[in-house]
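The primary structure of each chain is shown beneath.
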Amino acid sequence: MSEKPEDLGSSQTEMAPKTSASTLPPPEKPSAIQQRFKVVAAFWAVILFLGFPIWWKTTSIYRAELPVQEMLDWAGGKSCRPVFPLEIRFDTPPLPEIEAQQLLRITQHTLDDLNEFSAHHLRLKLADEEAQQATEKADTALTVRLQAQDDLSGPRTELQADTTTLDVFYPPSQIPPPSSSNSPLSSFIAGELQRLFAEEKAIMAHILSNNAMGSNVPPPNSKQQISPQLAESITKRLRRSMKYAETYHLAFSLFTPGSAPSSWDIESAVQEYISPLVQALSPISNFTIDTQVQLYATFSPSTPAPEYDKTLGAWTLKEENLSAFINAAEWPLSPSIGTGPTINFILYVPAPEQSPLLVKDSKAISWTIPQWGGVFILNPPVPSEHLNNTPHLPASTLTTPFLTFSHQLLSLLGTPSTPLSLPLRLQTLIRIRSATLLLSASSTLGSLARLTQSLPQIPIPATVASSVSTTLSHLSLACEGLQNGRFRDALAAARVAETEAEKSFFEKSMVGQMYFPDEHKVAVYLPLLGPIGVPLVLGLVKELRRIITGLKAKRQVGAEGVMG
């Protein structure tokens, strides 16, 4: 029996809802929904209450508190005005106290009139007054010892080469009377003192003028400008000298192109000529000494060979080729031993066929290599003899070379060339180093302060804060020492300040963080957190939507019940 088309259509319509309903998944049980909610909540609870705090703690940057403004004030010269009051002691045994006081007063007044640089001034004091001062008195820069002589027509001076004493010989008639306001003797003494410290004053003016900390120091008076020759000499010396270091390593080397001499009396030479100088320089820096002997030390193939000069009867080196004299590729000269720079001193004994050897134009046998060391060519004392035939160099042969090395060492350390007294020059070097270290440490603090401000993402460990605190305290001590004329104390404090400032600025953890900015962190975290974060976020969104839908359904059911 066939069905009608109308009946067939109605039958299919009735079966469609039943078929689609049978393909839908069964509704979730409340326990499954609750379990899924607990899983999602557990994951997010671990992230929020455990993972995020651990991540924050392990990735947070510790920045110790720094006195930034105080550091900038030191760098800008607002916390200290460098001054150098030099105390000159007057020893006047032949004069009564009243006449000595009058001479001192007139000489001081003349010095003040001649002084064109207020940061560097001389203060005169009688020896008796100095003995009555407190224990922390200023360092005595110079002792002026007056000695009367009847056979003199005018005053004259004599500087002791190995002391800090200036003897002034004068005729007794030149002692100023109590009512006098001027005296030829006082003018003469004031002029001599100005001449003795002229180079030091020029160096101080040069150092302060090239530093921001010296901006509040008045420049020298235009009437008393530094001579061009002196300014050029100071510039050359500063370029030639080594940069300051806490420790220098002195390396003395004997080089010869043959097999002899193979030994030298180096210990006695160092003990006699170098050790006393190193001891005198100990307040400024520490020194270590190394020695070596190198045989068969030939010139570099690229170096022009010495030429024989018939007029001089010697082999000569051109001055423009001196820079290539050192065969750095083959000669064992270490540029640095330990933490400090090395100052090399080369004693070269030429071969018999190239002896004597000297510089062509100047006929010199020694020269200084700027910021590196010195060279001395040891030629035989008698033309018929040669040192290559001598297996050992005695101490008497090393006298001239090591005297030259001592002068080269002073030059490389920046010691001024005047006055002739070595103790006075070393005292000047102490004052120069005190000033340069004070300025250098202050500048380093300013750079550190600006660095921490411009890069807020770099860490500042507690060690840096401690070093900065130590630097500031020692800078204050150094400035106080300078102002009170205690230059050795100022240098000791400035050395500590410089060391701590450099230590804080070059802290390894800070330098490493400078090259790892926030953009790099994001690039590292995204590939790791993306695959983990997307499912967690989607699961959280799904659960939130379910909760919101359930709340809306409950509200709708409640509203229908109220209306019914």
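Residues numbered from 1 in each chain as written. Predicted model: local features only at pLDDT ≥ 70, side-chain atom pairs only at ≥ 80, totals over all residues. Heavy atoms only, no water.

1. Comments concerning the overall build of the protein chain
And then number 1: The helix and strand inventory of the protein chain stands at 15 helices and 16 strands.
And then number 2: If you take every contact in the protein chain between residues at least 6 apart in sequence, the share linking residues at least 24 apart comes to 78%.
And then number 3: As displayed, the protein chain has an accessible area near 30600 Å², and 58% of this comes from carbon and sulfur atoms. (Helix = DSSP H or I, 4+ residues; strand = E, 2+ residues; numbered from the N terminus. Contact = heavy atoms within 4.5 Å. Areas by Shrake-Rupley, 256 points an atom, 1.4 Å probe, with all protein chains shown as cover.)

2. Some points on the pairing of strand β12 (residues 340–348)
And then number 1: The buried count for β12 comes to 8 of 9 residues, which makes it a mostly enclosed element.
And then number 2: Pairing of β12 with strand β15 (residues 373–377) involves 5 bridges; the strand directions are parallel. Of the residues in β15, the one forming a bridge with Leu 347 is Phe 376. (Buried < 20%, exposed > 50% of the residue type's maximum accessible area, 1.4 Å probe, protein only. Pairing = 2+ DSSP bridges.)

3. Some points on the side chain of His 120
And then number 1: Within the secondary structure, His 120 is located in strand β2 (residues 120–126).
And then number 2: Look at His 120 and you get buried, because its relative accessible area is 1%.
And then number 3: Looking at His 120, its side chain comes within polar contact range of the side chain of Glu 200, at 3.2 Å. (Polar contact = N/O pair within 3.5 Å; in protein donor to acceptor, adjacent residues only side chain to side chain.)

4. Side note on the sheet that holds strand β9 (residues 307–309)
To summarise the sheet geometry, strands pair through backbone hydrogen bonds and adopt either a parallel or an antiparallel arrangement.
And then number 1: With mixed pairing, the 3 strands of this open sheet are ordered in space as β9-β10-β13. The open sheet is flanked by β9 and β13 (357–359), the only strands paired with a single partner. Put simply, the sheet's adjacent strands are angled 45 degrees from each other on average, direction ignored.
And then number 2: As paired strands, strand β10 (residues 314–317) and β13 are joined by 3 bridges and run parallel to one another. By the bridge assignment, Leu 317 is partnered in β13 with Val 359. (Axes fitted to C-alpha atoms, helices over the stretch in contact; angles between N-to-C directions.)

5. A word on a nonpolar patch on the surface
And then number 1: Nonpolar side chains collect at one region of the surface, where Phe 37, Leu 540, Leu 544, Ile 547, Ile 548 and Leu 551 lie side by side and expose about 480 Å² of accessible area between them.
And then number 2: The element contributing the most residues to the nonpolar patch is helix α15 (residues 518–563), with 5 residues.
And then number 3: Within the secondary structure layout, Leu 540 lies in helix α15.
And then number 4: Taking relative accessible area as the criterion, Leu 540 reaches 31% and is therefore assigned partly exposed. (Patch = residues over 30% accessible without salt bridge, like charges linked within 9 Å, V, L, I, M, F, W, Y side chains within 5 Å. Salt bridge = Lys/Arg side-chain N within 4 Å of Asp/Glu carboxyl O.)

6. Examining the pairing of β10
And then number 1: As judged from the 3 bridges shared by β9 and β10, these two strands associate in the antiparallel manner. Each bridged residue has a counterpart across the sheet, and for Glu 307 the counterpart in β10 is Thr 316.
And then number 2: With antiparallel pairing between neighbouring strands as the criterion, β9 and β10 make up a hairpin whose turn holds 4 residues, including Gly 313 at a positive phi of roughly 65 degrees.

7. Focus on the packing of aromatic side chains
And then number 1: Using the criterion set out here, one finds 16 aromatic pairs in the structure.
And then number 2: Look at Trp 264 and Phe 402: their rings are 6.2 Å apart centre to centre, the planes differ by 50 degrees, and that puts the pair in the tilted class. Placement of Trp 264 in strand β7 (residues 263–264) and of Phe 402 in helix α10 (residues 399–412) is noted, with a sequence separation of 138 residues between them. By the burial criterion, Trp 264 is buried, and Phe 402 matches it.
And then number 3: Consider the rings of Trp 331 and Tyr 348, whose centres lie 6.1 Å apart with planes at 20 degrees: the pair is stacked. Taken as a pair, Trp 331 in the loop between β10 and β11 (336–337) and Tyr 348 in strand β12 lie far apart in primary sequence, 17 residues in all. (Phe/Tyr/Trp six-rings, centres within 6.5 Å; stacked < 30°, edge-to-face > 60°.)

8. A word on the nonpolar core
Soluble globular proteins: nonpolar side chains tend toward being buried together.
And then number 1: One finds Ile 88, Leu 193 and Phe 402 to be the most contacted residues of the largest nonpolar core, which totals 104 residues.
And then number 2: At 14 residues, helix α11 (residues 422–454) tops the list of elements feeding residues into this core.
And then number 3: Phe 402 has contacts with Phe 252, Trp 264, Ile 266, Ala 269, Val 270, Tyr 273 and Ile 274, leaving out every residue within four places of it along the chain.
And then number 4: Counting residues in each nonpolar core, the second largest holds 17 residues, with Ala 297, Phe 325, Ile 346 and Tyr 348 among its members. (Core = buried A, V, L, I, M, F, W, Y, C linked by side-chain atoms within 4.5 Å.)

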